[in-house]
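Read off the chains here:
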Amino acid sequence: GEGLSPPAAADVIARYVPVNERSRATSFVFGGLNMGTVAGLTIAPTLIEALGWPSVFVLFGVIGLGWCVWFDKVNPTNLKEISEESGS
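Residues numbered from 1 in each chain as written. Predicted model: local features only at pLDDT ≥ 70, side-chain atom pairs only at ≥ 80, totals over all residues. Heavy atoms only, no water.

## Side note on the pattern of salt bridges
Piece 1. Applying the stated criterion across every chain yields a total of one salt bridge.
Piece 2. Across the pair Arg15 and Asp11 runs a salt bridge, and its minimum N-O distance is 2.9 Å. Of this pair, Arg15 and Asp11 are both found in helix α1 (residues 5–16), four residues apart, which corresponds to roughly one turn of the helix.
Piece 3. On the basis of relative accessibility, which here comes to 56%, the residue Arg15 falls in the exposed class. (Salt bridge = Lys/Arg side-chain N within 4 Å of Asp/Glu carboxyl O. Helix = DSSP H or I, 4+ residues; strand = E, 2+ residues; numbered from the N terminus. Buried < 20%, exposed > 50% of the residue type's maximum accessible area, 1.4 Å probe, protein only.)

This is the structure in structure tokens:
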């Protein structure tokens, strides 16, 4: 799974972010990947101690599903339409 994230993120940025905003988008996305790792490694031990190890998978899975629902609402089709309107 997670090994596909960086190339997929780079592809989405290349396809849907205007050229003059790509460096900012890349920094934001890859900085977010690092912050997610730090947050996960910080939260997981507390969850394990309080609720047991399955709670880590449940919480992170719920967050992942929520993210998928959000991403579906701002899907790449809508982003492409916005990009075309901005002239890119």
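## Remarks on the layout of surface pockets
Piece 1. When its volume is computed, the largest pocket comes out at roughly 1500 Å³.
Piece 2. Along the wall of the largest pocket there are 30 residues; nearest its centre are Ala9, Val29, Leu33, Trp67 and Trp70.
Piece 3. Listed by contribution, the elements that provide at least two residues to the lining of the largest pocket are α1, α2 (22–51) and α3 (54–73).
Piece 4. Looking at the lining of the largest pocket element by element, the count peaks at 11 residues for α2.
Piece 5. Partitioning the lining of the largest pocket into residue classes produces 21 nonpolar, six polar and three charged. (1 Å grid on protein atoms, 1.4 Å probe; cavity = no way out; pocket = protein on both sides within 12 Å on 5 of 7 lines; lining within 4 Å. Points joined across faces, edges and corners; volume = space filled by probe spheres on them. Nonpolar A, V, L, I, M, F, W, Y, C, P; charged D, E, K, R; others polar.)

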